[in-house]
Each structure stands twice: as structure tokens, then as C-alpha cells.
Amino acid sequence: MTSNPQWIICEHCDSVYSPVPLGQGEIARCVRCAAILERGGQMSIQQLLALSIGAALLFVLANAFPVITISLKGLSNQATLWQSVQALAQGDISPIAAVAGLTIILAPMLQIALLCWLLSYALVGRAAPGFKACMRALEHLRPWSMLEVCLLGILVAIVKLAGMLDVHPGLGLWALAMLTVLIILISGKGIRRLWKDLEGVIP
Ligand SMILES: [Zn+2]
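Residues numbered from 1 in each chain as written. Predicted model: local features only at pLDDT ≥ 70, side-chain atom pairs only at ≥ 80, totals over all residues. Heavy atoms only, no water.

Asker: Sorry, what's going on with the coordination of the zinc ion here?
Answerer: The textbook angles at a metal center are 109.5 degrees for a tetrahedron of four donors and 90 or 180 degrees for an octahedron of six. In the first shell of the zinc ion, the protein supplies Cys 10 (SG), Cys 13 (SG), Cys 30 (SG) and Cys 33 (SG), at 2.2 to 2.3 Å from the metal. Coordination at the zinc ion comes from 4 donor atoms whose angles at the metal span 105 to 115 degrees, giving a geometry best classed as tetrahedral. Here the donor residues for the zinc ion map to a single chain with the spacing C-x2-C-x16-C-x2-C. With Cys 10 in the loop between β1 (8-9) and β2 (16-17) and Cys 33 in the loop between β3 (27-29) and β4 (36-39), this pair connects stretches of sequence that are 23 residues apart. (Donors = N, O, S within 2.8 Å, 3.2 Å for Na, K, Ca; no water. Tetrahedral: all angles 85-135°; square planar, octahedral: opposite > 155°, others 65-115°. Helix = DSSP H or I, 4+ residues; strand = E, 2+ residues; numbered from the N terminus.)

So this is what it looks like as C-alpha cells:
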């Protein structure tokens with residue numbers, strides 16, 4: 001058997017294909033299970049880096065501003081992501097606070113930091129120090145970053161509470177929604193191309 005580092009392996013059924021050049025908007029699908037193998041016209045390193053910096057700014061906004069404001073009979077209260085994690089830590093279910101802190105603050109923060117680190121070096125055609133460890137860390141972090149679950153939870157809470165109280169989504173929630181989309185866009189297949197792009201320079 002010969003081996004070819006360029007082969008594409010279907011993530012769903014392990015079929016092996018030799019790559020074909022794809023044009024803008026073209027998609028390569030697995031013949032056996034129809035899963036998407038590759039998309040043509042991927043984002044450039046500059047675009048990925050710009051989106052990562054955007055994600056970092058949105059992350060700061062999502063954490064600095066309240067995600068939800070609740071008012072009742074003239075009294076008003078608002079909470080940021082960090083305040084909601086702190087509130088969880090005080091109750092009977094305090095271990096949940098650690099999980100919440102990890103999945104909605106720590107994991108996304110590390111993801112964004114690693115993306116900016118890797119991409120700023122890739123922009124000048126170099127592999128960042130610790131390239132392999134950082135790329136693997138990104139893959140391991142992905143299942144732990146649960147911003148979309150958090151977002152869904154807040155939206156359900158807003159809809160449920162709306163009948164009883166005066167509930168308003170805060171600026172932090174809008175930032176969180178945009179951040180969720182950005183992280184899904186960048187951290188998935190987009191970033192894996194670095195393995196191929198930097199093939200000759202990875203130590
Ligand atoms: Zn397949």
C-alpha cells in the first residue's frame with residue numbers, strides 16, 4: 001500500500017478520496033454517505049484573523065454588558081455572564097457553576113486566544129511557537145465551548161419569564177449571539193487548513 005498525505009478521509013464513514021481542486025462555492029461530497037468533504041473558496045488567512053479579532057471584541061462586550069435585564073414594579077435587576085456564574089456558585093448546585101464558567105467563559109476565551117495566536121503567525125507564513133499543541137488544543141476545546149447552548153438557554157428564559165416579568169435582552173446578549181456564529185465559522189474546518197498551508201514550515 002502507498003500512502004499519500006494529501007488524501008481526504010470522510011469523517012463519517014472513513015472512505016478515502018484523492019482531493020480535486022474546487023472552485024468558489026463548489027462542494028466535494030462523500031459518494032458513500034453524502035457527507036461534506038471539502039468546500040471550495042475557503043476564507044483566506046486574513047479573513048480568518050479579522051474574524052478572530054472581531055470575536056475577541058465581541059467576547060469582551062458579551063462579558064462586560066448585561067445579557068438580561070429583569071424589571072418588576074419599578075425594581076430592576078440585570079446580570080452579566082460572570083454574575084450569573086457567581087449566582088450559581090452560591091446555591092445548592094454550586095458544582096454547576098464550575099461547568100458553566102468553563103463552557104461559557106473559559107473555553108471560548110482560550111479558543112479565541114489560540115485562534116489569534118495561530119493566525120497572526122500564519123499571516124506572515126510562519127508556524128506559531130507550539131503550533132501542533134495549539135491546533136490539538138483547539139480541537140479538544142471545541143466540544144467544551146457551549147456558547148450556543150448558553151444562548152438558547154437565555155432565549156428560553158426570556159420567553160418563559162416574559163409572561164410574568166418585564167424582561168429585556170441586554171447588549172451582552174446581542175454580542176453573545178454574534179460571537180456564537182463567529183466561533184462556529186472560524187474554529188471548525190476553517191482553521192484546519194493551516195495544517196496544509198503551513199506544511200513545509202511546521203517544526
Ligand atoms: Zn462518507
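Structure shown, so let's carry the discussion forward.
Asker: Before we go on, may I ask you to explain the confidence of the model for the protein in this structure?
Answerer: Low-confidence regions, as indicated by low pLDDT, have predicted coordinates that should not be scrutinised in detail. Mean pLDDT over the protein stands at 86; residues scoring 70 or higher make up 96%. Ranking the elements of the protein by mean pLDDT puts helix α7 (residues 189-197) last with 78 and helix α1 (residues 45-64) first with 92. (pLDDT = per-residue confidence, 0-100.)

Asker: Honestly, the pairing of β4 in this entry has me stumped. Any pointers?
Answerer: Looking along a regular strand, one sees the side chains alternate between the two faces of the sheet. By the bridge criterion, 3 bridges tie β3 to β4 in an arrangement that is antiparallel. Directly across from Ile 27, in β4, lies its bridge partner Arg 39. In this structure, the hairpin formed by β3 and β4 is closed by a connection of 6 residues, where Ala 34 is found at a positive phi of approximately 65 degrees. (Pairing = 2+ DSSP bridges.)

Asker: Which parts of the structure should I look at to understand the pattern of salt bridges?
Answerer: Once their charged atoms are close, side chains differing in charge can pair, the charge on each being opposite to the other. This structure, assessed with the given rule, holds 3 salt bridges. The residue Glu 139 makes a salt bridge to Arg 192 at a minimum N-O spacing of 3.0 Å. With Glu 139 in helix α4 (residues 131-141) and Arg 192 in helix α7, this residue pair connects regions lying 53 residues apart in the sequence. By relative accessible area, which is 27% here, Arg 192 ends up partly exposed. Taken together, the shared-partner salt bridges in this structure form one network comprising Glu 11, Glu 139, Arg 142 and Arg 192. (Salt bridge = Lys/Arg side-chain N within 4 Å of Asp/Glu carboxyl O. Buried < 20%, exposed > 50% of the residue type's maximum accessible area, 1.4 Å probe, protein only.)

Asker: What exactly am I supposed to notice about the nonpolar core here?
Answerer: Generally speaking, nonpolar side chains in soluble globular proteins are found buried as a group. Leu 81, Leu 118, Phe 131, Ile 154, Leu 176, Leu 179 and Leu 194 are the most contacted members of the largest nonpolar core, which has 47 residues in total. If you tally residues by element for this core, the top one is helix α3 (residues 94-123), at 12 residues. Not counting residues up to four positions away in its chain, the partners in contact with Leu 118 are Ala 128, Phe 131, Cys 134, Met 135, Leu 138 and Leu 194. Cys 10, Cys 13, Ala 35 and Leu 37 belong to the second largest nonpolar core, which has 7 residues in total. (Core = buried A, V, L, I, M, F, W, Y, C linked by side-chain atoms within 4.5 Å. Contact = heavy atoms within 4.5 Å.)

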